Amino acid sequence: MIQRNYSFLLFLFVLISCQHNPDKTDILISGEFQNAEGVKVYLEQNKQRIDSAVVVNGKFSVSGKVWNNAVADIWFYIKDDKDKITTMWSVTRIFLEHGRNYKFFANGRKELALRRLRLETNSSFAKEYDELNRKAYRDANIHGMLANKFRQLRDRKEIWTDTALYKKYDDSTTYHEEKQKSIQREAEKELIARNPNSYLALSVLSHISDLEPDKDFFVTIEKQLKGKYRETYHAKEFIKALSKVRTDLPVSIEIDATAVDDSPFDFATFKNDKAIVIDFWATWCAPCLAVMPEALIMKDKLKSKNIGYVFLSYDSRIKTWKQQSATLGLQHSYKIAQSAKPYLNEKLRIPTIPRYILINNRGDVLVRELPSPNDPKFLITIDSAMNKLATTK
């Protein structure tokens, strides 16, 4: 009997927990807009329209089932037939939580166009996010106006002969243009850094498309994610996207390629080598061919250090690749299987060739991006990696 009661209580606890924090939830967003009759309102999440409404008698409401603890967009079509000045569309982003209330206030289309609408909510996260977005938009506009001011000063003909003054105005223009572009992202980074383990931070993270410029910052954030927050969908998607740009994690690759004699690539061929340089090239790649004489010289120098050298080609034309390999005198020349190219591109992030990496004879990547063989740092980088490897054994 006790066991049965315990099971029932456990089931009840799980049920209540799920209801308290479900994956999806029903949301109602309302608004009171003065002097904005006929404005159309659209609720969207993940680029999917959920509901729409029109401001009638100064009021509107949109509702529907949305992803819980996630960001959504509210679009306003604010132009009417008499209005020849106001921007046609305006958008505000809002953080949605189960069981919370959301109501917007504005006076006139101009406030909507300038994103000066006010949010009343009992969600502390939604308030924080709303304040962040409004401040970032306001500051971006200020930097935009300053950039325009300095651009006009710079472009006056009378100062073109004053090199110092021209440079001053040009530098100021560039500074404010860059601040205008980056201010939203910097504000979001501050929000994330304050409390990475929150649904708001994770939702904001999921909307940042390019992690590369701030890779080190996002690696630090990833290491701070813990418990239930690390197991969320947004966290897993963020970690997956980050893995494609981070270089601090060990990477191991498989090589699906065929030699000139049609034999498959086999790491066992290089079992006596301490490491292997992989030279990604193609017969149609002019820069690859230009550096090939130096690559062959480096190959011979590395042989004395028990380091192998493999030429991995992106060619599709087998006959051309085999002929060029023979003409250049390439040993260990392999052509990557067509199906393996996306895998290597994703694993190693190879946007262009030539590309050079250093691996051990098991496929573990030691150096993701070596300097070119015609660069004095090529051998220095390899020696440094091998010395480091020797000291860690």
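Everything that follows concerns the structure shown earlier in this document.
Read on for a plain summary of the structure. Bear in mind that the values here come from a model prediction, so they are computed numbers and not experimental data.

### Here we look at the packing of aromatic side chains
Here is step 1 of the chain: Tallied over the full model, the rule gives 16 aromatic pairs.
Here is step 2 of the chain: Where Phe217 meets Phe218, the ring centres are 5.1 Å apart and the plane angle is 75°; that geometry is what we call edge-to-face.
Here is step 3 of the chain: A residue is classified by how much of its surface remains accessible, and Phe217, at 21% relative accessible area, is partly exposed.
Here is step 4 of the chain: Among the aromatic residues, ring-to-ring pairing joins Tyr42, Trp75, Tyr77 and Trp89 into one connected group.
Here is step 5 of the chain: Stacked on the ring of Tyr77, the Lys or Arg Lys40 has its end atom at 5.7 Å from the ring centre.
Here is step 6 of the chain: Over the aromatic face of Phe150 sits the side chain of Lys149, whose NZ or CZ is 5.8 Å from the ring centroid.

### Here's the deal with the pairing of strand E12 (residues 333-336)
Here is step 1 of the chain: Across the two faces of E12 the burial is the same, with Ser333 and Lys335 and Tyr334 and Ile336 all buried.
Here is step 2 of the chain: Pairing of strand E9 (residues 257-259) with E12, which is carried by three bridges, proceeds in the antiparallel orientation. Across the sheet, residue Ala259 finds its bridge partner in E12, namely Tyr334.
Here is step 3 of the chain: Both strand E11 (residues 307-313) and E12 contribute to a ladder of three bridges, which runs parallel. Across the sheet, the residue bridging to Ser313 is Lys335, located in E12.
Here is step 4 of the chain: Viewed along the sheet, the connection from E11 through helix H11 (residues 318-328) into E12 turns out right-handed.

### Comments concerning helix H4 (residues 163-194)
Helical geometry: 3.6 residues make up each α-helical turn, so side chains three or four residues apart lie on a common side.
Here is step 1 of the chain: Counted at 1.5 Å a residue, the expected span for H4 with its 32 residues is 46 Å, and the 44 Å between its end C-alpha atoms agrees.
Here is step 2 of the chain: Its axis deflected by about 45° at Ser182, H4 carries its strongest bend there.
Here is step 3 of the chain: Along H4, the residues classified as buried are Tyr169, Ser172, Thr173, His176, Ile183, Ala187, Glu188, Lys189, Leu191 and Ile192.
Here is step 4 of the chain: Those residues of H4 that are buried lie in contact with helix H3 (124-154), helix H5 (199-206) and helix H6 (215-224).

### A word on the sheet that holds strand E1 (residues 24-34)
Here is step 1 of the chain: Pairing is mixed in the open sheet, where four strands are placed in the order E4-E1-E7-E8. At either margin of the open sheet sits one strand with a lone partner, and together these are strand E4 (59-67) and strand E8 (118-121). Within the sheet, the average angular offset between the axes of one strand and its neighbour, ignoring direction, is 20°.
Here is step 2 of the chain: Sheet analysis places strand E7 (residues 102-107) next to E8, joined by four bridges and oriented antiparallel. Counted as the bridge partner of Phe105 is Arg118 from E8.

Rules behind the numbers
Residues numbered from 1 in each chain as written. Predicted model: local features only at pLDDT ≥ 70, side-chain atom pairs only at ≥ 80, totals over all residues. Heavy atoms only, no water. Phe/Tyr/Trp six-rings, centres within 6.5 Å; stacked < 30°, edge-to-face > 60°. Buried < 20%, exposed > 50% of the residue type's maximum accessible area, 1.4 Å probe, protein only. Lys NZ or Arg CZ within 6 Å of the ring centre and 35° of its normal. Helix = DSSP H or I, 4+ residues; strand = E, 2+ residues; numbered from the N terminus. Pairing = 2+ DSSP bridges. Right-handed = clockwise from strand over helix to strand, strands pointing away. Expected span 1.5 Å × (residues − 1). Bend = angle between axes of the 7 residues up to and from the residue. Contact = heavy atoms within 4.5 Å. Axes fitted to C-alpha atoms, helices over the stretch in contact; angles between N-to-C directions.

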